[in-house]
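# Close look at the chain arrangement
Here is what each chain is made of, one letter per residue.
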Amino acid sequence: MNVEKFKNAIVYDVELFRNLLLIGFYSFKSQKYKTLSVFPTLAIDEREEIFKFIKDSTLIGYNNKTYDDLILNYMFLHPNFDVETLWKFSQPILKSERWDVQFKNYWYSKNYKSYDLSELVRIGKIPPSLKMIGCLLKHPKLQDLPLEYDKPVTVEQFDLIEKYNINDLDITIKFAEHHTSELLIREELSKAYDVDLYCIANAKITEKLFKKYYTEKTGERNYQDMRTYRENIQMSDLIYNFIKFKTDDLQEILNWIKTQSITPDKNGKYEWKFKLDLNGLKIALGLGGIHSDDDPLILKEDDDHYILDLDVTSQYPSAILKYNVFPAHLEPEVCKNFLTERVNSRVKFKRLSKQTGERIYELRNEGEKVQINGFFGKYKDEFSVLFDPVATYTVTVGNQLMMTMLIEDLQLKNYKVISANTDGITLHIPKNEIDNVRQIYKEWEILTGFTLEETFYERYIRKDVNNYLAKYYTINEKGEKSKTKFKHKGCFLNQEDKPLSKGYKYPIIARVIEQYFLNDIPVKDVIYNHRDIYDFCKSEKSKKEFTNYLMKAEYKYKLYGGKNLERKYIKPHEIETILSEEKIQDSVRFYVAKPDEILVNHQIDGCSKNIYIGNVLKKRKTVEKDRYTIIEVEPRIVTEGKQHKREYLIHDLLTGANLEETFYTTKKAVESTCKELNKNNNGEKVQGIQDNNFAKGYFVALFNDFYEVKDFKDYKVNYRFYIEETMKIIDKIEGK
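Scope of this entry: the structure provided in the associated data block. (Residues numbered from 1 in each chain as written. Predicted model: local features only at pLDDT ≥ 70, side-chain atom pairs only at ≥ 80, totals over all residues. Heavy atoms only, no water.)

This part takes up the overall build of the protein chain. A tally of regular secondary structure across the protein chain gives 18 helices and 30 strands. Overall size of the protein chain, expressed as C-alpha extent along the three principal axes, is 80 × 80 × 60 Å. Taking the intrachain contacts of the protein chain between residues at least 6 apart in sequence as the baseline, contacts between residues at least 24 apart amount to 69%. Summed over all atoms, the accessible surface of the protein chain reaches about 37300 Å², with 46% contributed by carbon and sulfur. Computing the positive centroid from 115 side-chain charges and the negative centroid from 114, the protein chain places the two 1 Å apart. (Helix = DSSP H or I, 4+ residues; strand = E, 2+ residues; numbered from the N terminus. Contact = heavy atoms within 4.5 Å. Areas by Shrake-Rupley, 256 points an atom, 1.4 Å probe, with all protein chains shown as cover. Lys, Arg positive; Asp, Glu negative; His and termini not counted. Charge placed at Lys NZ, Arg CZ, Asp CG, Glu CD.)

So, about the packing of aromatic side chains. Scanning all chains against the criterion turns up 54 aromatic pairs. With centroids separated by 6.1 Å and ring planes inclined at 45°, the aromatic side chains of Phe-536 and Phe-712 adopt a geometry described as tilted. Of this pair, Phe-536 sits in the loop between helix H16 (523-529) and strand E19 (537-541) while Phe-712 is found in the loop between strand E30 (700-702) and helix H18 (719-734), placing the two residues 176 residues apart along the sequence. Here the two residues Phe-536 and Phe-712 agree in accessibility, since each one is buried. Centre to centre, the rings of Phe-703 and Tyr-715 are 6.0 Å apart; their planes meet at 80°, and the pair counts as edge-to-face. Taken together, the positions of Phe-703 in the loop between E30 and H18 and Tyr-715 in the loop between E30 and H18 put the pair 12 residues apart, joining distant regions of the chain. As far as burial versus exposure is concerned, Phe-703 and Tyr-715 are alike and both buried. Here the guanidinium or amino end of Arg-47 rests over the ring plane of Phe-81, the centre of that ring lying 4.3 Å away. In this arrangement the basic side chain of Lys-487 is found over the ring face of Tyr-472, its NZ or CZ atom lying 5.7 Å from the centre. (Phe/Tyr/Trp six-rings, centres within 6.5 Å; stacked < 30°, edge-to-face > 60°. Buried < 20%, exposed > 50% of the residue type's maximum accessible area, 1.4 Å probe, protein only. Lys NZ or Arg CZ within 6 Å of the ring centre and 35° of its normal.)

Next up on the list: unusual backbone geometry. Its identity as a non-glycine residue notwithstanding, Asp-194 has a phi of 55°, on the positive side. Tracing the backbone shows Asp-194 in the loop between helix H7 (180-193) and helix H8 (202-218). Overall, Asp-194 belongs to the exposed group, its relative accessible area being 66%. Of note in the backbone geometry, Lys-716 takes a positive phi value of approximately 55° without being a glycine. Take Lys-716: it is sitting in the loop between E30 and H18. Residue class for Lys-716 comes out partly exposed when judged on its relative accessible area of 32%.

Quick look at the nonpolar core now. Core analysis: the biggest nonpolar cluster contains 148 residues, and Ile-425, Phe-536, Tyr-591 and Tyr-722 have the highest contact counts within it. Of all the elements, helix H13 (residues 389-412) adds the most residues to this core, at 11 residues. Each residue touching Phe-536, except ones within four places of it in the same chain, is listed here: Tyr-506, Ile-508, Ile-527, His-530, Phe-590, Tyr-591, Phe-712, Val-717, Tyr-719 and Tyr-722. Of all hydrophobic cores here, the second largest spans 29 residues; its members include Leu-21, Phe-51, Leu-72 and Ile-93. (Core = buried A, V, L, I, M, F, W, Y, C linked by side-chain atoms within 4.5 Å.)

For the rest of this paragraph, the subject is the packing of H8 against helix H11 (residues 332-356). Helices that pack against each other are described as a pair by the angle of their axes relative to one another and the distance between those axes. For the pair H8 and H11, interaxial distance at closest approach is 10 Å and the crossing angle is 125°. When the axes of H8 and H11 are compared, the pair comes out oblique. The two elements H8 and H11 cross, and the hand of that crossing is right-handed. Here Thr-206, Leu-209, Phe-210, Tyr-213, Tyr-214, Lys-217 and Thr-218 of H8 lie close against H11, whose contacting residues are Val-334, Cys-335, Asn-337, Phe-338, Glu-341 and Arg-342. Along the lines of polarity and charge, the residues of the contact of H8 with H11 split into seven nonpolar, three polar and three charged. (Axes fitted to C-alpha atoms, helices over the stretch in contact; angles between N-to-C directions. Parallel < 35°, antiparallel > 145°, perpendicular 65-115°, else oblique. Left-handed = near helix turned anticlockwise from the far one by under 90°. Nonpolar A, V, L, I, M, F, W, Y, C, P; charged D, E, K, R; others polar.)

Strands sit in the order E9-E10-E11 across an open sheet of three strands; the sheet is antiparallel. Of all the strands in the sheet, the pair left with one neighbour each is strand E9 (273-278) and strand E11 (291-292). Relative to E11, strand E10 (residues 281-286) runs antiparallel, the two sharing two bridges. Its bridge partner being in E11, Ala-284 is matched across the sheet by His-291. The strands touched by helix H9 (residues 248-258) are E9 and E10; relative to E9, the strand with the most contacts, the crossing angle is about 175°. Packed onto the sheet, H13 meets E9 and E10 and runs at close to 160° relative to E10. (Pairing = 2+ DSSP bridges.)

What follows concerns the packing of H13 against helix H14 (residues 434-448). As a packed pair, H13 and H14 sit with axes 10 Å apart at the nearest point and diverge in direction by 150°. One element, H13, and the other, H14, form an angle in the roughly antiparallel class. Judged by the sense of rotation from one axis to the other, the crossing of H13 with H14 is right-handed. When H13 is examined against H14, the residues Met-402, Met-403, Met-405, Leu-406, Asp-409 and Leu-410 are found in contact with a partner set consisting of Val-437, Ile-440, Tyr-441, Trp-444, Leu-447 and Thr-448. Split by residue class, the contact of H13 with H14 holds 10 nonpolar, one polar and one charged.

It is worth spelling out the side chain of Gln-495 at this point. The residue Gln-495 is located in the loop between strand E18 (485-488) and helix H15 (507-519) in this model. Gln-495 sits in the buried class, given a relative accessible area of 11%. Apart from residues no more than four positions distant in its own chain, Gln-495 is found in contact with Leu-136, Gly-503, Tyr-504, Lys-505 and Pro-507.

Right, let's get into a nonpolar patch on the surface. Judged by side-chain polarity, Leu-94, Leu-145 and Tyr-149 come together as a nonpolar surface patch covering roughly 250 Å² of accessible area. For Tyr-149, the location among the structural elements is in the loop between helix H5 (130-136) and helix H6 (158-178). Take Tyr-149: its relative accessible area is 36%, and that puts it in the partly exposed class. (Patch = residues over 30% accessible without salt bridge, like charges linked within 9 Å, V, L, I, M, F, W, Y side chains within 5 Å. Salt bridge = Lys/Arg side-chain N within 4 Å of Asp/Glu carboxyl O.)

Structure follows, in structure tokens:
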């Protein structure tokens, strides 16, 4: 661990059952594991060693602030605890019952220093689960708690819990190493501002440093609960006086916008949207940002045309400082000085980083960037001292209208704008017109106070405004062209570039699309030659109302022509027979696989059928259903004119039996019969089950535990699935 603060730190994780307390530790200094426990069943009581080991230590965990730390603090306050009492104390924590009242004495401790790594990826109240983090980091073992938490642990199960604990420690260690840069940024900011910022989210860094700064500069403390709420906001109050349009149509729209007002809904949220068609460029204005409604597109730079992207540098902080937009309840000069100092610091450290190449300056540059970006974000956070809707929408609405002014200026000179978003536009222009384009946007820069950065796309591939891929370069003041780089957004984003909060779903697809469009490599070549099995996987954690099952299933359907056995081994409309099922954990990782067995041209009732047998993954929940439901009977299908008839049974969910009558008819007819039966049942519902497939229409291989194979073919990956999923995106982009 390269973070100075954590070189002597200990990673820890608590497991607690009715009769077992087990705490696992890993020391960055010694690189050794240690587990200590209190387990009366085996007469193990290592509490004194636990206290001694933890006392005055620096501890690191994942989501430990809201569980593990509370357990430790209870132990220190009640050193003679018995395990079952400790377990009972923990139950309301798991259920989030009245934390502020029940646990106010257990939030902090002077016995040790604790850091919660989950804050680095927290979005909202709940961070991603540690198991899903393990999937995103390609950890070889995905394991939920192997025993029910409210049951006693047997002697035979002790080793199982210890191994589970160490696996969680391994994921936490890997997570800490993956986030070394973020931790180093926080280390430098903590030193620079004399505030402990090690394990808090980016947005909270800004809040914490601003409050410290504001208190020091004003001497006030009673401002921290202040907010500015607005019952009614006039749009005219949000629009700067200099904003005007040159065409009558747009000016008329602007005048109309100024007559509008917005009020919060019952949840305190504001809503306003308006759509425009600017000479074929369809854009949507709103309270958040501007964006165009872009069709799929593929463009390459050629000898005659540039694909030019113009991006506003630091748009939000620039607007705040240029137009003095600050929360009404705070001293504007103090707010302005805070943000100005951060902007100036960033400029300084960015310059020093380029001049010296020293890491410390790059870290400070990134640290100041975190504060700058977070400052405006707090304007719209009702839990922040910076909250003020008028300040928020003055910035966002003004920025959108200024961007629309730039689009209008360019279009009046017949330059083609092909995309627009909150802080930039993309143009397709003749190369010999670049100086004229620059003259137009330079005049706009003078008017608005913004600065635009140029980026040139060699290739530009988009699905829509939020999903695109680009190979780009820049040109410096000397006219020198930089090395080409790549930009990925949305579905084109590689897994390693995604925030860990964004989930894990078939990373191979984004890789294939990139290779196809940027390097002209055929889809099949990339997929068939890829050798990282994790990139074919998807991970998911089911919600509490679901129970996951791994099922052995059999599918039968008529073979049409006897070809393409790989194409789609299951057809969703065909009959499924479940041969066996096994309840599995909530967190799953799997890939789409070929069937375990294929019986080709199997004869059933004189009809040639293929039978496919393999694993399917489903999540099941109890739902209310109509009493009577339809079951399709295999295999006879007869076509009479345009009608397809087959055999059906009607199943009674209440009795669990089928009605005696077999219906040989169309599906529409039997549905009508079933509907009539349910109507005669007075519409009463019965308890039934609902199964949802994780990969509908395909067999899967569960991959919670990594295993190696001598030949990659032995994984039995269903390449056809990945080819089809990739081609869905490619075909949409190519207009097929």
